[in-house]
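In case you want the letters, here they are:
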Amino acid sequence: TSGSLVIRVNQLPPATSSPNARVHWSERKRDADIYAKAVYYECVQLRNNIETNGHERFAPLYRARVDLTFVFREKRRRDPDNLVARFKPGLDAVVRAGLLFDDRADLITIGRPKIEVDPARAPETIIVLTEAR
């Protein structure tokens, strides 16, 4: 999509970030931090590439649509809403990296997530940010 920012992260949001996960808070935090760092580094790298090629400071998207694709190794039933909830540490990392102004509900729209099965690419999270008009 032209005008969109595409971030590819070679892991999936942690299952321990699911609202249904019954895990100790420290395990949830550890897994969320690992995932958030991976998302953050990919976002910063993308931002730096834009700034290097464009020779100007990147301005975060103020209003944006966030589209997510989750690539899994195997086909099985998955709950799309649960996947979006699991992505929360990733969304916070996108904001912290300076690609989105904020993740307030009035500023971003999260589209229905896509689920793909591709053992060659999995695990992968694809985040597409598009400025909303």
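This is a predicted model, so every value here is computed, not measured.

J.: Before we go on, may I ask you to explain the overall build of the protein chain in this structure?
T.: Of the regular secondary structure elements, the protein chain holds three helices and five strands. Order of helices (α) and strands (β) in the protein chain, N terminus to C terminus: β-α-β-α-α-β-β-β. A globule of 133 residues ought to have a C-alpha radius of gyration of about 14 Å, and the protein chain, at 15 Å, matches this closely. With respect to the three principal axes, the spread of C-alpha positions in the protein chain is 45 × 30 × 25 Å. Residue burial in the protein chain is summarised as follows: out of 133 residues, 41% are buried. For the protein chain, restricting intrachain contacts to residue pairs at least 6 apart in sequence, the fraction spanning at least 24 positions comes to 83%. With an accessible surface of roughly 8000 Å², the protein chain has 50% of that area assigned to carbon and sulfur atoms. Here the protein chain carries 23 positive and 18 negative side-chain charges, and the mean point of each set is 3 Å from the other.

J.: Explanation requested: helix α1 (residues 25–54) in the structure shown.
T.: For an α-helix, 3.6 residues make a turn, and residues three or four places apart therefore share a direction. With 30 residues, α1 should cover 44 Å at 1.5 Å per step; its first-to-last C-alpha distance of 42 Å lies within 8% of that length. Those residues of α1 that sit buried are D31, A32, Y35, A36, A38, V39, C43, V44, L46 and E51. Buried residues belonging to α1 abut β1 (4–9), α3 (88–96) and β5 (124–131).

Here is what the cut-offs are and how they apply
- Each chain has its residues counted from 1, following the order in which its sequence is written.
- Where totals are concerned, whole chains, interfaces and linings use all residues; where local detail is concerned, this predicted model gives features only for residues with pLDDT of at least 70, and gives and counts side-chain atom pairs only at 80 or more.
- Hydrogens and water are ignored here; the side-chain numbers use all heavy atoms of the structure.
- Think of it this way: any DSSP run of H or I at least four residues long counts as a helix, any run of E at least two long counts as a strand, and we number them from the N terminus.
- When we talk radius of gyration, it's over C-alpha atoms, and the globule rule is simply 2.2 Å times the number of residues to the 0.38.
- Only protein chains enter the accessibility calculation, which uses a 1.4 Å probe; a residue whose area is less than 20% of its type maximum is buried, one above 50% is exposed, and one in between is partly exposed.
- Whether two residues are in contact is decided by their heavy atoms: any pair within 4.5 Å suffices.
- Only the protein chains shown count as cover for residues, and the accessible areas themselves come from Shrake-Rupley with a 1.4 Å probe.
- Positive charges come from Lys and Arg alone, negative charges from Asp and Glu alone, with His and the N- and C-terminal ends not counted.
- All charge positions are set by atom: Lys at NZ, Arg at CZ, Asp at CG, Glu at CD.
- Given a helix with a known number of residues, its expected span is that number minus one, times 1.5 Å.

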